[in-house]
Amino acid sequence: MDAYERVMELAKRRGFIWGSLELYGGVAGLYDYGPLGCTLKHNIENMWRRVYCTEEGFYEIETSTIGLEEVFSASGHLSCFTDPMTTCSACGESFRADHLLNGVVERPDALSSDELGRLLVHHAIRCPACGCALSDVEEFNLMFETHIGPGRGRIGYLRPETAQGIFTNFDRLYRFFREKLPFGVVQIGRSFRNEISPRQGVIRLREFSQAELELFVLPDQKTHPNFERFAELSLPLYSQQAQERGEVETMTLGEAVERGVIASELLAYHIGLCWTFLTRIGLDASRIRFRQHLPDEMAHYAADCWDAEVLLERFGWVEVVGIADRTNYDLSAHERESGKQLRVFVEYETPRRRRVVEVVPDMSQLGPMLRERAGAAAEVLSSLTPEQVKEAEKEGMLRIEVEGEMLELPPSVVSIREREEEVRGEYVTPHVIEPSYGIDRIVYALLEHSLYEEEVEGEKRTVLRLSPQLAPIPMAVLPLMDKPPLVEVARSITKRLRSVGMRCEYDEGGFIGRRYRRFDEVGTPFCITVDYESLEDGTVTIRERDSMRQIRVPHRKLEHVMHNLVLGIWQFDEVVEELGEGSA
Ligand code: GAP
């Protein structure tokens, strides 16, 4: 069994993840979270909230998962969010054309549909399912289309990213943040992509969870006020140049910005923050790297993008986060499509003087000449450029359209005036830095990086090394044996721990060693055991999962001890010392 099979065997058996709709044969790319998987996922999302909302101060919003056609026409998803597809003429199965050429040609993902079509023919690639001929390659749009309301209704799409819900709310959010930049808004929620033929299990899904930050900044903001925090952090960076040489470079983020490897402090800060999150949840630091997108793989909205990739045994380096510089692409696009201004007014440090040349209508001539149409004509005349007026003077006639009628007027009805004015600032379209996390890939990667097996006293011990803050069952209370006095004490401890808000499992069945193994396997970091000594001196043992060491603590102090252990305030080794002499 490879790592993927080992993880998925455990995930299915112990209630983490399994295929959706298995009762009806299942559907590729759809997976459900069972009781422990759902809790683990929520714990990861809550840790993400802690990093981005509590510590960084960004606010979370929740927007509809269905978007209007106009939204995705503006965002470019209608025209650009496609993958190349070829279909078998006999069995009808469809495939990603570029995937069929993996290992046959270099970088098939960078080729056009026509090139892919030619190469499939040239290399005599046939249907992997039945061996028959494949169709021409066409671009398949990955969005799920739907209709909003009965009948044909309005055309809508399930969102392919959570980001658009933030962009379309920009004007309200700008007001919420009291019209000041920078500000950041996050969203955690489901996204939908109708992947052509997902064959990578839980890695490529048709419905998945994203956690995204859209950070709105002034176009010229390149620095970050807190960059010092990460300036000395050394990370494996696989820039475009490093990819040409084929070697990852490890350097500090400070050096990366100084040498221009990462374009700005702002982008580098978010790479550092991403590293902080991924390692804090417990991904193996030696299996994480940051890879810059090559120019030909950049998404249609991005000017620059760095992926956080994790190493997985079966799939190699897999993208789990994309950190993109989306420039002003989205806000400009929604401004064009909606006709509503999505810009911010930026005041200059000191007001500037500007020479203005304008066309001024002469109402004393227009009034008697045009009567009730004079106002409308004046509006059209003031929108003329000085050049148009000069042209009319040469011709001796000014022609304008007023309320659908062509009018011919003497050029003297306008004059050109020059004046100086004070300008306090200008309207600009904010730029966006976007870290976008795929939560489901992170859940899987964490399971793979956490799972280990070892031999203990001739038996296999399987352990999920999840951190106490993320483990779906952070503690379990076990009476040594299924006997009345032990069971009563253990039950009352469980009740007490639960009453102070701790998730705590109670398990009284079977040999104690077997129960420890069951909890090791689902990542429970601490088992509290009530034994006969407990009845005599009021102490219980706490067993730590990874070291299997046990300490005795007075059970009346358990709430305090477990609170500190689960939140990582105390390490296991520190408990006895922290409780003070004579307490254990
Ligand atoms: N808003 C930007 C955006 O959506 P993306 O690189 O397409 O960027 C971001 O997606 C993250 O979402 C990826 O890094 C990946 O972790 C996750 N993701 C994307 N497509 C996925 C899929 N089909 N299945 C599971 N996760 C996916």
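Residues numbered from 1 in each chain as written. Predicted model: local features only at pLDDT ≥ 70, side-chain atom pairs only at ≥ 80, totals over all residues. Heavy atoms only, no water.

Participant: Is there a simple way to explain the overall build of the protein chain in this structure?
Facilitator: Across its full length, the protein chain holds 22 helices and 28 strands. Across its three principal axes, the protein chain shows a C-alpha extent of roughly 110 × 65 × 55 Å. Residue burial in the protein chain is summarised as follows: out of 584 residues, 50% are buried. Once local pairs closer than 6 in sequence are excluded, the contacts in the protein chain between residues at least 24 apart make up 65%. On the protein chain, roughly 28600 Å² of surface is accessible, and the fraction owed to carbon and sulfur atoms is 48%. Of note, the protein chain has its 68 positive side-chain charges centred 4 Å away from the centre of its 97 negative side-chain charges. (Helix = DSSP H or I, 4+ residues; strand = E, 2+ residues; numbered from the N terminus. Buried < 20%, exposed > 50% of the residue type's maximum accessible area, 1.4 Å probe, protein only. Contact = heavy atoms within 4.5 Å. Areas by Shrake-Rupley, 256 points an atom, 1.4 Å probe, with all protein chains shown as cover. Lys, Arg positive; Asp, Glu negative; His and termini not counted. Charge placed at Lys NZ, Arg CZ, Asp CG, Glu CD.)

Participant: Which parts of the structure should I look at to understand the nonpolar core?
Facilitator: Across soluble globular proteins, nonpolar side chains have a tendency to be buried as a group. In terms of nonpolar packing, the biggest core is built from 78 residues, with Phe277, Leu278, Phe290 and Tyr437 touching the most fellow members. Looking at this core element by element, the count peaks at ten residues for helix α12 (residues 265-280). Structurally, this core is a two-domain feature, drawing no fewer than three residues from each of domain 1 (3-81 + 142-330 + 433-438) and domain 4 (473-579). Among all residues touching Tyr437, those that are not within four sequence positions of it are Trp48, Tyr52, Ser209, Gln210, Ala211, Leu273, Cys274, Phe277, Leu278, Val320, Val321 and Ile442. (Core = buried A, V, L, I, M, F, W, Y, C linked by side-chain atoms within 4.5 Å. Domains from an automatic or database assignment.)

Participant: I tried to follow the site of the ligand on my own but got confused; where do I start?
Facilitator: Close to the ligand lie 19 residues; Glu161, Arg193, Leu205, Glu212 and Glu319 are nearest. In the model, an oxygen atom of the ligand is placed 3.5 Å from a nitrogen or oxygen of the Val321 main chain. Residue Glu434 places a side-chain N or O atom 3.0 Å away from a nitrogen atom belonging to the ligand. Relative to its unbound accessible surface of 550 Å², the ligand loses 91% to contact with the protein. Of all the secondary structure elements, the ones that give two or more residues to the shell around the ligand are β11 (207-217), β16 (316-327) and β21 (431-438). Top element by residues in the shell around the ligand is β16. It accounts for five residues. Residue composition of the shell around the ligand, by class: six nonpolar, four polar and nine charged. (Near = heavy atom within 4 Å. Polar contact = N/O pair within 3.5 Å; in protein donor to acceptor, adjacent residues only side chain to side chain. Nonpolar A, V, L, I, M, F, W, Y, C, P; charged D, E, K, R; others polar.)

Participant: Which parts of the structure should I look at to understand the UniProt feature "domain: Aminoacyl-transfer RNA synthetases class-II family profile" (unreviewed entry) in the protein chain?
Facilitator: This chain's UniProt record puts "domain: Aminoacyl-transfer RNA synthetases class-II family profile" (unreviewed entry) on residues 2-468. Annotation note: span residues 2-468, helix share 32%, strand share 33%, distance between end C-alpha atoms 27 Å. (UniProt positions renumbered as here; feature names shortened; annotations may be inferred.)

Participant: Sorry if this is basic, but what is going on with a negative patch on the surface here?
Facilitator: Together, Asp114, Glu115, Asp136, Glu138 and Glu139 make up a negatively charged patch on the protein surface. Only α6 (113-122) and β7 (138-141) provide two or more residues apiece to the negative patch. Along the polypeptide, Asp114 turns up in helix α6. (Patch = residues over 30% accessible without salt bridge, like charges linked within 9 Å, V, L, I, M, F, W, Y side chains within 5 Å. Salt bridge = Lys/Arg side-chain N within 4 Å of Asp/Glu carboxyl O.)

Participant: Is there a simple way to explain the packing of helix α2 (residues 35-55) against helix α17 (residues 439-450) in this structure?
Facilitator: When two helices pack together, their arrangement is given by the angle between their axes and by how far apart the axes lie. Direction vectors running N to C along α2 and α17 enclose 110°, while the axes themselves pass 10 Å from each other. As the angle between them shows, α2 and α17 are arranged roughly perpendicular. Note that α2 runs across α17; the crossing there is right-handed. Here Leu40, Lys41, Ile44 and Glu45 of α2 lie close against α17, whose contacting residues are Ile439, Asp440, Ile442, Val443, Leu446 and Leu447. (Axes fitted to C-alpha atoms, helices over the stretch in contact; angles between N-to-C directions. Parallel < 35°, antiparallel > 145°, perpendicular 65-115°, else oblique. Left-handed = near helix turned anticlockwise from the far one by under 90°.)

Participant: What am I meant to see in the sheet that holds strand β25 (residues 504-506) here?
Facilitator: What holds strands together in a sheet is hydrogen bonding between their backbones, with the strands either parallel or antiparallel. Strand order in the open sheet made by the five strands is β25-β24-β26-β27-β28, with mixed pairing throughout. Every other strand in the sheet has two partners, leaving β25 and β28 (550-554) as the edge strands with one partner each. On average, each strand axis in the sheet is tilted by 25° relative to the strand beside it, whichever way the strands run. Across five bridges, strand β24 (residues 475-479) lies against strand β26 (residues 526-530) in parallel orientation. Bridge pairing links Ala476 to Cys527 in β26. Sitting on the sheet, helix α19 (residues 512-521) touches β24, β25, β26, β27 (539-544) and β28, and the angle it makes with β24 is about 170°. (Pairing = 2+ DSSP bridges.)

Participant: Before we go on, may I ask you to explain a nonpolar patch on the surface in this structure?
Facilitator: Together, Met481, Tyr532 and Leu535 make up an exposed nonpolar region whose accessible area comes to about 250 Å². With respect to the helices and strands, the residue Met481 is situated in the loop between β24 and α18 (484-499).

Participant: It is not clear to me how α18 should be interpreted in this structure. Could you clarify?
Facilitator: The α-helix winds at 3.6 residues per turn, so residues separated by three or four positions along the chain end up facing the same way. Taking 1.5 Å as the rise per residue, α18 with 16 residues should run 22 Å; its terminal C-alpha atoms sit 22 Å apart, in good agreement. Residues of α18 that are buried: Leu486, Val487, Ala490, Ile493, Thr494 and Leu497. Across the axial projection of α18, the buried residues extend over an arc of 130°, all falling on one side. Those residues of α18 that are exposed and angled more than 90 degrees off the buried face are Pro484, Glu488, Lys495 and Ser499. Where α18 is buried, its residues meet β24, β25, β26, α20 (532-537), β27 and α21 (558-566). Downstream of α18 by a residue or two, Gly501 has a phi angle that is positive, lying close to 90°. (Expected span 1.5 Å × (residues − 1). Arc of directions from axis to C-beta.)

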